[in-house]
Each structure stands twice: as C-alpha cells, then as structure tokens.
Amino acid sequence: MYEQVSHSLLNDILDALTPELQRQDLRYFYTRLGANFYAIYSLFHHLYGQREDFQEQIIQLVEVMARRYVERSDELLQTDHGREKEHNWFLSQEWVAMALYADGFAENLQGVRDHVPYFQELGVNMVHLMPMLKCPKGASDGGYAVSDFRDINARYGSMDDLLELSAELRRREILLVLDVVVNHTSDEHEWAERARQGEQKYQDYYYVFANRDLPDMFEETMPEIFPETSPGNFTWDARMQRWVMSVFNSYQWDLNYSNPAVFIEMIDILLFWANRGADVLRLDAVAFLWKKVGTNCQNQREAHLLLQLMKDCCQVTAPGVLFIAEAIVAPSEIIKYFGEDAVIAKECEIAYNATFMALLWDATATKNARLLNQGIRSLPHKLDRATWLNYVRCHDDIGLGFDDEDIRRVGYEPIAHRRFLVDYFTGQYEDSDARGQPFGRNEKTGDARISGSLASLVGLETAVERNDEAAIDRSIRQILLLHGMILAFGGIPLLYYGDEIGTINDRSFLEDLEKANDNRWMHRPRIDWDKAEQRHRHGSVEQRLFDGLKKLIEIRKTIPAFADYNNRELLQVENPHLFAFLRNHPEHLNEVILVVANFDAHPQYLNLDDLGLRGRFHFRQMHNLAGGSTPALFKDQLVISPFSFYWLSDQRSAGLI
Ligand code: GLC
C-alpha cells in the first residue's frame, strides 16, 4: 500500500543506508520492502512510535534486514523465488515431519547427518532439530536457555557440522526446522552478564526491578509455568541487586520487547538462521512476548503485533522461510497466531495443534470420542495459507488445555475429568496400564500435566514387560491409530523421534542432578540403534510400528485430499466411540476420503445411512486406502475393529488418487 508518511520515511531510510549497502544489488529486496513497508512502519510505530529515537531505530531495523539479504546465498535466494511462485507449497500432503534432539537421536550433528537415510526410509522430509545452541553447563531447560544465539553447543558439534547437515538435507529435499527462543535468554547470555555488571543498555533488554512493587503487582495475575521447580515469575539477582522477570525457570530471563533494540536483535537472529539454511523457524513460547500488569501476560495484542512485524520483516529478506508458532494456549487463542487477517496467515504460517493433540489423548483414555468431536467442532475456522502441526507427542508435557465449556457440554465436570485423565495416564486408575507421571502439579490450583513416552502412555511398556501378546497388539494399534489421525486431519504431521520404534520411558534422567526434577526428560530418549535395527525383524514390535507408520506415510503422500485447504468436514455420528470426518480433494470436490476411527477396545459399527452421504460416496465400492483392503460391512453398517481406523475412498476415485 502507498501511504505518504511512511513512503517519505522510506526514502530517508534508503538514503541513510551505508554506501557499502547502497552499492549492492538490492532489487528484489527493495521491491519487497516497498510492498511491506507501510505494514512494517505502522506496526513499528504502534509499538515504538512514542520514542524520540524512533527514526534511528527503524533505520537500524532496515539496515539489519538489508545486511542479511546481502548475505543470503544464491541457492537460498533461488529457493525464495521458487516458493514465491508456489506460495502454497507447504500445504501439500507430501510433508511429514519429525522432531528430535540431535544428541538423543544420534550423539551429535554429525551423527544426525549419518542417519539422514533413516528419515528417508520412514518417509520423513522435514526435520526439527531441537535447540542445540550454547547454553549453561548445568540445567538449561533442554536447550531453551540460550547463552549465545549464534553459537552451537560443543556437545552437538560445530557450526560447520550444522552447515553440512543443512546442505545434506537440502540435497535430499528434506526441510530443516530450527528453534529460535524468542521470549527469553539464559542468565549466562552476554546481555544478562552485562546487565549484571550494571550496563543500563542491557538492563533495558530485560524486565529489571529495584524492589518488589511491580513484581508483586504482576504476580497478582500471572500464573506459574513451573510451579514445583520454579515458583513465581521473578528471580532475585544478587550481583545486580535487582529482581528480574523469569517466567519459566529462574535462569531464563524474559526479554523486554517494549525496547525496540530487543526486537531488532531478534530479527537479526531469525535472519541469521534463515541464512544458515533453516526452511522453517519455530518461534518458542510466543504467547509470552508481551507483559502487562493486570493481565496473565499471555496472548496480549502486542505479542501478535510483534509476530506480524517479524513476519513482515522476514518476508522482505527471506520470503521462503516459514514460522511455526509454539503457543500452547486455549483453542480460541491458538488460532490467532496465524494472524488476524481476513484471509491469509500474517503471523505464523504454522501452529502446533495442541488442542487436537490433547483431545486425542482424551479419546485414548476415555475410549470414546465425545470430547474429541466436541472440541474439533468448537475449533475456530482457520485462515487460508495457514496450517497445523498435528502431533501426538513432543518433548513437552501433555497439557489438558481443553475448553471447560466443551468438557461440560459432553457431560463431564472439568476438574474431575482432568483429574481422571492425569490418574489414567499415571497408571493410578485401575483400568490403565499407562506409565506416565504428573508434571507441573500446582497445589494451589490443583492443575497438573502429564509426562511420559507415547509407548509407555498407551501401555506398551507394561505389555512387553508382561509378555502379553494381546496387550502388545492393542498398544501397537493405538499408536498407529493416533498417527492415522494426525496424518489425515489436515496439516503437517509431526512425529516424535523414537515413537516409530516404540521407545519407552527413559528413567536415566533421575541420575542426573540437572534433570532429575524435570520429568519431561523421561520422554526425551537416547535412541537405541540396536533396538531400531529390530525394525528389520519380521513380527517384532519395532517392525510392526515402523513399517505400519512407513506405509501410512507413503499412502498419505499420494492422497491430494489430505493437503490442507481447510477441506475437512466433521461428521456427526451417533456412536460415541467413533470419530469421523471427510476430506475433499481441493480441486476435484467429488473425490472424497472418509476417515473413521474407533477409539474403543471393542468393535464398533457406523450406520452409513446416518451419515447422509449417499450420492456423494459409493459405499458398496469402498476401499480402505490405509490398509489396502475392502472394509467390513454388515447390513449397511461399517464395522471398525478395536483401536483401528479407515481412510476410505469409493473405488471409482481410488484409481485417480
Ligand atoms: C517451550 C518449550 C519448552 C520450554 C519453554 C521455555 O514451551 O517447548 O520445552 O520449557 O518453551 O523455553
């Protein structure tokens, strides 16, 4: 958009760029800057316009963007152009992701590189490397306390190792996802050190207070994230003789984004990693970016403005790079991280579907899909050119963040129901073989979340220990069922390393003092490659899981209806154990896939007439793409075995898929 004030400012900025930058070929950069500048100016002005040095700050911002543009390699510039042409490239059903810790997966970055063929064997073509930057020697919140945003932790290797891995992934057309911890730094970061030494410039990078007046006011409305291990939201720093805001652990200091210098530093860091080959940047803890007294300091409007600004800036320098919002918040809030534009995503193109994840766990425990159906029905409409990251497990605890109203609507009482879920997954409930542990129990509120590996949470650990074939079979079915859902729902399925071979809880964290008080480490395993080799032994648990997933992944990639164009229709079914939805081909609307899942331990029946699909779907010719078979039909009822699912196409279109 052309607007006089911002355009005349843009002219001044371009004149002020250093001669060295002015000599560069900045054609594409200028075109995109022109296109986005009104938005950048408006947002930056909204956030920082009251400052006397506003103009200096915005010049600084553009200078950083231009410098990083000049630094971008020809190969990455080409990728940018390609993705501008194919701008919906990431909505395709062909993407399948896996998240992993480099050291847990394969010792270090070189090890990950050696195992790249493993991703291809399984069909994974997007790899999220969990944080591997320099962090404190002791506890570091799994790398989420960063001491240097531009240096690799020696434990994982060197920058060269990362660049080699990034090049290798690119050669094999596997996308690289990297974390940027935008909300906080470790208290050993140079900025924190210099703040401690009394430098005002760096004290202004954080929320630093001489006394408890403001911290006490904040505490009135701020919840606690780690109530057991790091109660409260402020830490006393003895050397600085000041209180510092530290929402997560006491050694993670929250960055103060009301200071534009912090924003500019972070843009520089984002673009630094974009230039090191990251295709996607996972922005950590984005819900927390803006703090305001009297609020819970989450999901503030300014946090969204900051993300929009980050997106607008990144689009100018590296338009091919996408953002993932890590915002594990209420369903109605998560959706806002795509941006509040009328049509397309203007903040993060991708967001964790924490709602679907938690609902899948609810269905697993209750053996019915009542809350799952209700929760998905209430999920607000998603924008175009925005997609979910659908997952079953990740490195964090499972939060039971359903909407209380939804819980009541299906006939449960919220507190009692959440208590049941925690009891179920921690094995306290008589009918449960799960081996999770409560995480983040808050005595004041009664809240708790759940830790534990997927295999241990669905009872596989117990079943294998008891050598109980039937129970092993049940758990394998459950693992495949959960994955069958994230592969079909719409969005990018995100697998978690180790789940593909049924990795159980790892208790070794208890022997490590730095980890012992954080039981999320029980599901951050070291891959046992001998166990992984068992995937080649026919009939082993590893083989059944690995091959089962591999096949589903392969099939997903051939089904255009599984691309994410908001082409999902939830079906109302009478049977409470079933979850059923349709996926339409984005262009050929008569090509339909009917997804039906049974979360119960008994066979269930779906009355096809009730679905009202006659005419749209030819039941007699149904073919189960997920199993390569004809589904069981009994008197016009579809029979779904315990813990299993169908991806049904009517055979007329099966040939087209
Ligand atoms: C994110 C990470 C989590 C971490 C927190 C603080 O939620 O996923 O592991 O503890 O941010 O950085």
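Here, the structure is the one placed above.
Let me begin by describing the structure that accompanies this report. Because the structure is predicted, anything quoted here is derived from the model rather than measured.

## Topic: the pairing of strand β25 (residues 644-650)
Where burial is concerned, most of β25 is hidden: 7 out of the 7 residues are buried. Burial along β25 is two-sided: the residues S644, Y646, L648 and D650 and F645, W647 and S649 are all buried. The sheet contact formed by strand β20 (residues 592-598) and β25 spans 6 bridges and is antiparallel. Bridge assignment links L594 to a residue of β25, and that residue is L648.

## Regarding the layout of surface pockets
Each pocket or cavity is described by its volume, and for the second largest pocket that value is around 890 Å³. In terms of lining, the second largest pocket is formed by 43 residues, of which the most central are G138, S140, G142, K515 and W521.

## As for the site of the ligand
Near the ligand there are 13 residues, and of these D141, H184, D284, H395 and D396 occur at the shortest range. A distance of 2.9 Å separates an oxygen atom of the ligand from a polar side-chain atom of E326. Here the ligand, which alone exposes 310 Å², has 95% of that area covered by the protein.

## What about helix α3 (residues 27-48)?
Largest kink in α3: about 55°, centred on N36. Those residues of α3 not exposed but buried are F29, R32, L33, N36, F37, I40, Y41, L43, F44, L47 and Y48. Turning to α3, the residues buried within the fold contact α1 (4-16), α4 (54-71), α5 (74-85), α13 (260-275) and α14 (301-317).

## What to know about the packing of aromatic side chains
All told, the structure shown has 41 aromatic pairs when counted by the stated rule. Taken together through their ring pairs, the aromatic side chains of F37, Y41, F44, Y48, F54 and F263 make up a single cluster. Taking NZ or CZ as reference, R276 lies 3.8 Å from the ring centre of F272, over its face. If you follow R524 out to its NZ or CZ, it ends over the ring of W521, 4.8 Å from the centre.

## Some details on the sheet that holds β25
A sheet is described by the order of its strands in space; here 5 strands give the open sequence β18-β19-β20-β25-β22, paired in antiparallel fashion. Both edges of this open sheet fall to β18 (568-570) and β22 (622-624), since each of them pairs with a single strand only. When the angles between neighbouring strand axes are averaged without regard to direction, this sheet yields 25°. Contacts from helix α22 (residues 469-488) reach β19 (578-584), β20 and β25, with the element oriented near 40° to β25.

## A word on the environment of R377
Relative to the assigned elements, R377 resides in helix α17 (residues 370-378). Considering only alpha carbons, one finds R377 and N575, 198 residues apart in sequence, at a separation of 16 Å. Beyond its immediate stretch of four places on either side in the chain, R377 contacts L570 and Q572.

## So, the sheet that holds strand β8 (residues 234-237)
The strand order across the open sheet built from 3 strands is β7-β9-β8, with neighbouring strands paired in antiparallel fashion. Strand pairing shows two members of the sheet lacking a second neighbour, β7 (208-209) and β8, which therefore form its edges. Summarising the sheet, β8 and strand β9 (residues 242-245) pair through 4 bridges and their orientation is antiparallel. Paired with F234 across the strands is M245, a residue of β9.

## Some details on empty space enclosed by the protein
This structure, assessed with the given rule, holds 5 cavities of 30 Å³ or more. Roughly 60 Å³ of volume is contained in the largest cavity. L129, M130, P131, M132, L133, L178, D179, V180, V181 and W273 are the residues that line the largest cavity. When residues of the lining of the largest cavity are assigned to their parent elements, the largest contribution, 3 residues, is made by strand β5 (residues 175-180). A per-class count over the lining of the largest cavity returns 9 nonpolar, no polar and 1 charged.

## What about the side chain of K291?
Among the secondary structure elements, K291 is positioned in the loop between β11 (280-283) and α14. The buried category is assigned to K291, whose relative accessible area is 7%. Side-chain polar atoms of K291 contact the side chain of D254, separated by 2.9 Å.

## Description of the packing of helix α16 (residues 354-366) against α22
Direction vectors running N to C along α16 and α22 enclose 145°, while the axes themselves pass 11 Å from each other. Read as a crossing pair, α16 and α22 show a hand that is right-handed. For the pair α16 and α22, contact is made by F356, L360, W361 and T364 and by Q478, L482, M485 and I486, respectively. Split by residue class, the contact of α16 with α22 holds 6 nonpolar, 2 polar and no charged.

## With respect to the pattern of salt bridges
Under the definition given, this model contains 51 salt bridges. Put simply, R282 and D179 hold a salt bridge, and the shortest N to O gap is 2.6 Å. Here R282, found in strand β11, pairs with D179, found in strand β5; they are 103 residues apart in sequence, far enough to count as distant. Here R282 matches D179 in class, with each residue buried.

Definitions and limits used
Residues numbered from 1 in each chain as written. Predicted model: local features only at pLDDT ≥ 70, side-chain atom pairs only at ≥ 80, totals over all residues. Heavy atoms only, no water. Buried < 20%, exposed > 50% of the residue type's maximum accessible area, 1.4 Å probe, protein only. Helix = DSSP H or I, 4+ residues; strand = E, 2+ residues; numbered from the N terminus. Pairing = 2+ DSSP bridges. 1 Å grid on protein atoms, 1.4 Å probe; cavity = no way out; pocket = protein on both sides within 12 Å on 5 of 7 lines; lining within 4 Å. Points joined across faces, edges and corners; volume = space filled by probe spheres on them. Near = heavy atom within 4 Å. Polar contact = N/O pair within 3.5 Å; in protein donor to acceptor, adjacent residues only side chain to side chain. Areas by Shrake-Rupley, 256 points an atom, 1.4 Å probe, with all protein chains shown as cover. Bend = angle between axes of the 7 residues up to and from the residue. Contact = heavy atoms within 4.5 Å. Phe/Tyr/Trp six-rings, centres within 6.5 Å; stacked < 30°, edge-to-face > 60°. Lys NZ or Arg CZ within 6 Å of the ring centre and 35° of its normal. Axes fitted to C-alpha atoms, helices over the stretch in contact; angles between N-to-C directions. Nonpolar A, V, L, I, M, F, W, Y, C, P; charged D, E, K, R; others polar. Left-handed = near helix turned anticlockwise from the far one by under 90°. Salt bridge = Lys/Arg side-chain N within 4 Å of Asp/Glu carboxyl O.

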